[in-house]
Amino acid sequence: MEWCKIIVVDDEYLLRQGIMHMLDWKKYGFTIVGEATNATQTLELIEKVHPHIILCDIVMPNIDGIELSKIIKKRYPDIEIVILSGYDNFDYVKTAFKYGVADYILKPTLTADQLLDILIPLQKKFGQPVCDIKKEDDAGKQMLKMLEDKILDEQLISDCFNQAEYTIIGYQQCTNDSIDVSLVNDKINETFRNYNYIYIGKSQNIHIFIINHKSQERFDINDKWNQLTNNLENIIITVFSMKIDGINSSSNLLKAYEEIKSLSQYHFYGYENGHISVSLETYKNKDRLKFDTKEFMHIATSDSVTALEYLETYLNKLTFQNGLMGNEIKAIVQNVIYNLFNIIFIREDKYEEVNTKKILFFNNISNAITLKEIIEYFNEIKEYIQSLIKIGTTSRMMQQILDYINLNYKEQINLQGIANEFHISYSYLSAYFNNHYKESFNDYLNGVRIQKAKEFLVEPSIQISYVSELVGYSSPNYFTKVFKKLTGYTPTTYRRMYMK
């Protein structure tokens, strides 16, 4: 059996781990064959493991994800690349697709389903998917594969079921304590032994059964469901069980399968009972409450404390009716806190302490079972970030950056290099210049250089071509073009005016 091989490239350990453990890769025919933190490691790894797909962060030291993609596609045109970014920038998108990147995903909103929607079509380019339904021996596995792919196999359904209606039940562990799965399954088997049912397996930590029955038997199924939930609550208090009935067609079976995974979020949002039962006829998912990452970054570049309050307000507004899954919320919180740590000024003597706090926070969020726990962990990290802001401000860091530009303006400096030098994100630094100076970094740098050029031009002994070199321009013609654009005069005219 040959798996579709994937490499994960990101300079942040926690984010690499998050992606690598986001789903059961082999279940869908994929395998993670390596991870890398930069372009050099990636190119070396490609030679060793020959991947089919690369998941690549856009912001990395020295060579960024766009440039790395350009190199990879030139050397290995058959490799598919999916770019990951923590910040939405349309210019990145256009550039990425220009170099042959297959797709572009925002990390703050990345979910397992979204990733699979992109990867499965790419997988098929390398031959028949590994998990072919026709090659599976177990009916439950075949059914799970069908529902995950959202493609109806009427022959499979008719082979497994012969009645008009379906009921889906599921259960999940709702604490970090281990439970005896066989004990729960035995209770389900005992309760529904007189019906045609299939255990299809586990998805998003939910064990799922499909019961096939006559329409008029729905009431008896409900009675047995009540019997089951009473038994489970008496012997296993850490299980949250779910049921959807009223499924009267195979097409609705696909919908109900997705909905039962959503039902699991009732417990995540603080639903106190150990079980929930709904009818597909009446159950509706509400509109999602989206988190505006752009707005957060805009606020954060000027006021990190207000940005924390913006995230806090968002978390407090969330309810089950917003339709967000727990892993989506975790990804949002982890990514915005990660970006915020890149923005605030951190003293050197605090680096080790801050890194330890970050790792603890990310692990706590990953292991959180409920939204309440996430908010509690967020409040802890919020207080810690606020304490860091008190002893070192973003404005101080930005002043250091401006001083760095004023000192090194004649060198071939760029935004990515400065971001690497000060250990902050490229996206944040770019947004900061746009928001605070109403111009891009290049415009700001040109302004500094031209101001310095004016000082040199008042010295008639310095040739104009040398002035361009002194202020960082390798081309005198380009220097002249920029000078005239910013001052309205050519360097020669400006010198003559001053000499008068």
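The shown structure was predicted, so the numbers you read here are calculated from the model rather than taken from an experiment. (Residues numbered from 1 in each chain as written. Predicted model: local features only at pLDDT ≥ 70, side-chain atom pairs only at ≥ 80, totals over all residues. Heavy atoms only, no water.)

Caption draft 1: Examining the overall build of the chain more closely. Secondary structure assignment for the chain yields 23 helices and 10 strands. By the burial criterion, 51% of the 500 residues in the chain qualify as buried. Split by element, the accessible area of the chain, about 24,300 Å² in all, is 47% carbon and sulfur. (Helix = DSSP H or I, 4+ residues; strand = E, 2+ residues; numbered from the N terminus. Buried < 20%, exposed > 50% of the residue type's maximum accessible area, 1.4 Å probe, protein only. Areas by Shrake-Rupley, 256 points an atom, 1.4 Å probe, with all protein chains shown as cover.)

Caption draft 2: Local environment of the nonpolar core. Leu315, Ile329 and Ile337 are the most contacted members of the largest nonpolar core, which has 38 residues in total. By size, the runner-up hydrophobic cluster in this structure holds 29 residues, among which are Leu144, Cys160, Ala256 and Tyr266. (Core = buried A, V, L, I, M, F, W, Y, C linked by side-chain atoms within 4.5 Å.)

Caption draft 3: Representation of a positive patch on the surface in the model. A cluster of basic side chains, namely Lys70, Lys74, Arg75 and Lys98, defines a positive patch on the protein surface. For the positive patch, the element with the highest residue contribution is helix H3 (residues 65-75), accounting for 3 residues. Assignment of secondary structure puts Lys70 in helix H3. (Patch = residues over 30% accessible without salt bridge, like charges linked within 9 Å, V, L, I, M, F, W, Y side chains within 5 Å. Salt bridge = Lys/Arg side-chain N within 4 Å of Asp/Glu carboxyl O. Lys, Arg positive; Asp, Glu negative; His and termini not counted. Charge placed at Lys NZ, Arg CZ, Asp CG, Glu CD.)

Caption draft 4: Main features of the packing of helix H6 (residues 139-149) against helix H10 (residues 250-263). With their axes 9 Å apart at the nearest point, H6 and H10 run at an angle of 85° to one another. Our classification of the angle between H6 and H10 gives roughly perpendicular. Taken together, the residues of H10 that come into contact with H6 (itself represented by Leu144, Met146, Leu147 and Glu148) are Leu253, Leu254, Tyr257, Glu258 and Lys261. Looking at the contact of H6 with H10, its residues break down into 6 nonpolar, no polar and 3 charged. (Axes fitted to C-alpha atoms, helices over the stretch in contact; angles between N-to-C directions. Parallel < 35°, antiparallel > 145°, perpendicular 65-115°, else oblique. Contact = heavy atoms within 4.5 Å. Nonpolar A, V, L, I, M, F, W, Y, C, P; charged D, E, K, R; others polar.)

Caption draft 5: Fine view of the pattern of salt bridges. Per the counting criterion, the structure on display carries 9 salt bridges. A salt bridge links Glu148 to Lys261; the shortest N-O distance between them is 3.7 Å. Of this pair, Glu148 sits in helix H6 while Lys261 sits in helix H10, placing them 113 residues apart in sequence. Classification of Glu148 as buried rests on a relative accessible area of 10%. Since its relative accessible area comes to 2%, Lys261 is described here as buried. Linked by salt bridges that have partners in common, Glu148, Lys150, Glu258 and Lys261 make up one network.

Caption draft 6: Structural detail: the sheet that holds strand E9 (residues 239-247). Spatial strand order, E7-E8-E6-E9-E10: 5 strands in an open sheet with mixed pairing. Both outer strands of the open sheet, strand E7 (196-203) and strand E10 (275-279), are each paired with one neighbouring strand and no more. Averaged over all pairs of adjacent strands, the angle between their axes in this sheet comes to 15°, without regard to strand direction. In terms of strand pairing, strand E6 (residues 165-173) meets strand E8 (residues 206-213) through 8 bridges, oriented antiparallel. Bridge pairing links Glu165 to His213 in E8. Across the sheet, H6 is in contact with E7 and E8; its angle to E7 comes to roughly 60°. This element, H10, spans E6, E7, E8, E9 and E10 of the sheet and lies at about 155° to E9. (Pairing = 2+ DSSP bridges.)

Caption draft 7: Structural view of the side chain of His52. Mapping His52 onto the fold places it in the loop between helix H2 (39-49) and strand E3 (53-57). Engagement of the side chain of His52 in a polar contact is seen with the backbone nitrogen of Lys5, the distance being 2.8 Å. (Polar contact = N/O pair within 3.5 Å; in protein donor to acceptor, adjacent residues only side chain to side chain.)

Caption draft 8: Summary view of the side chain of Gln416. Counting through the fold element by element, Gln416 comes out in helix H18 (residues 415-422). A residue is classified by how much of its surface remains accessible, and Gln416, at 10% relative accessible area, is buried. Once you skip the residues sitting within four places of it in the chain, Gln416 turns out to touch Val59, Met60, Asp64 and Tyr426.

Caption draft 9: Expanded view of the environment of Ser304. Tracing the sequence through the fold places Ser304 in helix H13 (residues 304-317). Spatially, the C-alpha atoms of Ser304 and Gln386 are 8.4 Å apart, while their sequence positions differ by 82 residues.

Caption draft 10: Focus on the pairing of strand E4 (residues 80-85). Extensive coverage of E4 is indicated by the burial of 6 of its 6 residues. With burial as the criterion, each face of E4 is covered, one bearing Glu80, Val82 and Leu84 and the other bearing Ile81, Ile83 and Ser85. Note: E3 against E4, 5 bridges, orientation parallel. Within E4, the residue paired with Cys56 across the bridge is Ile83. You can see the chain leave E3, run along H3 and come back into E4, and the turn it takes is right-handed. Sheet topology places E4 next to strand E5 (residues 103-106); 4 bridges connect them, and they run parallel. Residue Val82 lies in a different strand from E5, and its bridge partner there is Asp103. (Right-handed = clockwise from strand over helix to strand, strands pointing away.)

Caption draft 11: Representation of H3 within the structure. The complete set of buried residues in H3 reads Gly65, Ile66, Leu68, Ser69, Ile72 and Lys73. Down the axis of H3, the buried side of the element spans an arc of 155°, and every buried residue falls inside it. Pointing more than 90 degrees away from the buried face of H3 are the exposed residues Lys74 and Arg75. Where H3 begins, the side chain of Asp64 points an oxygen toward the backbone nitrogen of Ile66, at a separation of 3.2 Å. (Arc of directions from axis to C-beta.)

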